[in-house]
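# Results of the structural survey
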Amino acid sequence: MSSHKILILGAAGQIGSELTAKLRAIHGKDNVIASDINYNNTALVNSGIFEIVDALNYVSLKVCCEKYNIDTIYLMVAMLSAKGEKYPMKAWDLNVTSLFNVLNLAKAKFINKIFWPSSIAVFGPTTPKENAPQYTITEPNTVYGMTKLIGERWCQYYNEKYDVDIRSLRYPGIISWKTLPGGGTTDYAVEIYYEALAKKKYNCFLAENTELPMMYMDDAIEATVAIMSVPTGGIKIRSSYNISAVSYTPKQVAESIKKHIPEFEISYSPDFRQDIANSWPKRIDDSEARKDWGWRHKFDLELITNEMLKQLSRK
Ligand code: SER
């Protein structure tokens, strides 16, 4: 148990929902306030303290922080890459304004610590495809990627100018079974397991050899908890850390599924998301995270497939 009071914004989402459960286990149920903009995720709403908070509304955020004496915010609100291409101005507003609101709460000393995820989407077609380094060319060509890149710059700026304790990870595609992802380019790598169990076939919106960095949810949550536990001086990068686990293609996922479901068939109909996938690196060099705070991943593709099929069949 700790004396930290935590607010999770976007707690109903794919990562937020699992992060909420983990942080409640660590810090105690009453010390972790989950929030989102509706009551749709009933499992989450009924599992502990839940508040309706719009991260775009500074006043409502501040009121919630004061009500619960919040010291740490996890800002898990975002419009992802594929949806962002359909609603560019909404994506810009949601992703950037929510970050400013939280950064400004910290600048005004209402809170003192922030976690905000960045993404592999900060990279673009001019980034090296193999082992994209921590410091490299970042010329994203999606709105989502642009919001994450500018967000990283502001995080570093607020850390340097206003001493805001902000920590960030460049998440790859996150694979999980509890809450569906929505609006991302890497979503195929989750959908494929649902369809494999329900229909024994899947029509993939990316081409068979599209290799992208991926990570199992448990690893992503471990990384998030780990970076937030490091003493302040241990965080050398205040923009966002590269982190990676595995990289694979739709064809490789299909092969790993066939080991469990031999009849499974995959077909390919690449759509607009193919261009987004093509603009991202295949692999990420995360040696800074491994060196600075001991990051290690556990799940490779075989383990991910085992877990996904096992958990989804139970569900
Ligand atoms: N999973 C995200 C997306 O596909 C990448 O951060 O948009």
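Structural data are supplied above this passage.
The numbering scheme is per chain: residues are counted from 1 as the chain's sequence reads. Local features in this predicted model are restricted to residues whose pLDDT is 70 or higher, and side-chain atom pairs enter the listing and the counts only when it is 80 or higher, whereas totals over whole chains, interfaces and linings include all residues. To obtain the side-chain values, all non-hydrogen atoms of the structure were included, while hydrogens and water were left out.

## Examining a nonpolar patch on the surface
Put simply, the test is: For patch detection, residues must exceed 30% relative accessible area and be free of salt bridges, and they are connected within 9 Å for like charges or within 5 Å for nonpolar side chains (Val, Leu, Ile, Met, Phe, Trp, Tyr). For every accessible area listed, the method is Shrake-Rupley and the probe measures 1.4 Å; residues are considered covered only by the protein chains on display. Salt bridges are identified by distance alone: a Lys or Arg side-chain nitrogen within 4 Å of an Asp or Glu carboxyl oxygen. Secondary structure follows DSSP: runs of H or I at least 4 residues long count as helices, runs of E at least 2 residues long count as strands, and numbering of each begins at the N terminus. Accessibility here uses a 1.4 Å probe with only protein chains present; expressed as a share of the type maximum, an area under 20% marks a residue as buried, one over 50% as exposed, and anything in between as partly exposed.
Where nonpolar side chains cluster on the molecular surface, the patch consists of Met-89, Trp-92, Met-146, Ile-150, Trp-154 and Tyr-157 and spans about 570 Å² of accessible area. Every element with two or more residues in the nonpolar patch is listed here: α5 (88-107) and α6 (143-162). A per-element tally of the nonpolar patch places α6 first, with 4 residues. Positionally, Trp-154 belongs in helix α6. Judged by relative accessible area, which is 30%, Trp-154 ranks as partly exposed.

## A closer look at helix α7 (residues 188-199)
Along α7, the positions that sit buried rather than exposed are Tyr-188, Ala-189, Val-190, Ile-192, Tyr-193 and Ala-196. Looking one or two residues beyond α7, the residue adopting positive phi is Lys-200, at roughly 60°.

## Some remarks on helix α12 (residues 301-314)
We count it as follows: Any helix carries an expected span of 1.5 Å times its number of residues minus one. In this analysis, two residues are considered to be in contact whenever any of their non-hydrogen atoms come within 4.5 Å of each other.
Taking 1.5 Å of rise per residue, the 14 residues of α12 would be expected to cover 20 Å, and the 20 Å separating its terminal C-alpha atoms lies within 8% of that figure. Residues of α12 that are buried include every one of Leu-301, Ile-304, Thr-305, Met-308, Leu-309, Gln-311 and Leu-312, and no others. Close packing links the buried residues of α12 with β9 (173-175), α7, β11 (212-216), β13 (246-248) and α9 (250-258).

## Considerations on the nonpolar core
Selection criterion: By convention a nonpolar core is built from buried Ala, Val, Leu, Ile, Met, Phe, Trp, Tyr and Cys residues, the set being connected through side-chain atoms within 4.5 Å.
Core analysis: the largest hydrophobic core is formed by 75 residues, its most contacted members being Ile-175, Tyr-188, Tyr-193, Tyr-248 and Trp-293. Counting residues per element, this core draws most heavily on helix α8 (residues 217-229), which supplies 7 residues. Residue contacts for Tyr-248: discarding those within four places in its chain leaves Ile-175, Tyr-188, Ala-189, Thr-210, Glu-211, Leu-212, Met-214, Val-253, Leu-301 and Ile-304. Listed in part, the 25 residues of the second largest apolar core include Tyr-68, Leu-103, Ala-106 and Ile-111.

## A word on the packing of aromatic side chains
The cut-off we apply is this: Any pair of Phe, Tyr and Trp rings, taking the six-membered ring for Trp, is counted once the centres come within 6.5 Å. Such a pair is stacked with planes under 30 degrees apart, edge-to-face with planes over 60 apart, and tilted for the rest. Only Lys NZ and Arg CZ are tested; either one counts as a charge over a ring when it is within 6 Å of the ring centre and within 35 degrees of the ring normal.
Taken as a whole and judged by the stated rule, the model has 11 aromatic pairs. Considering the side-chain rings of Tyr-158 and Tyr-162, the 4.9 Å spacing of their centres and the 70° angle between planes classify their relative orientation as edge-to-face. Of this pair, Tyr-158 and Tyr-162 both sit in helix α6, separated by 4 residues, roughly a single helical turn. Looking at Tyr-162, the relative accessible area reads 29%, which means it is partly exposed. Each residue in the set Phe-100, Trp-154, Tyr-157, Tyr-158 and Tyr-162 is aromatic and connected to the rest through ring pairs, giving one cluster. A cation over an aromatic ring shows up here: Lys-90 above the ring of Tyr-87, its NZ or CZ 5.3 Å from the ring centre.

Everything listed here is a matter of coordinates, which is why it stays silent on function.
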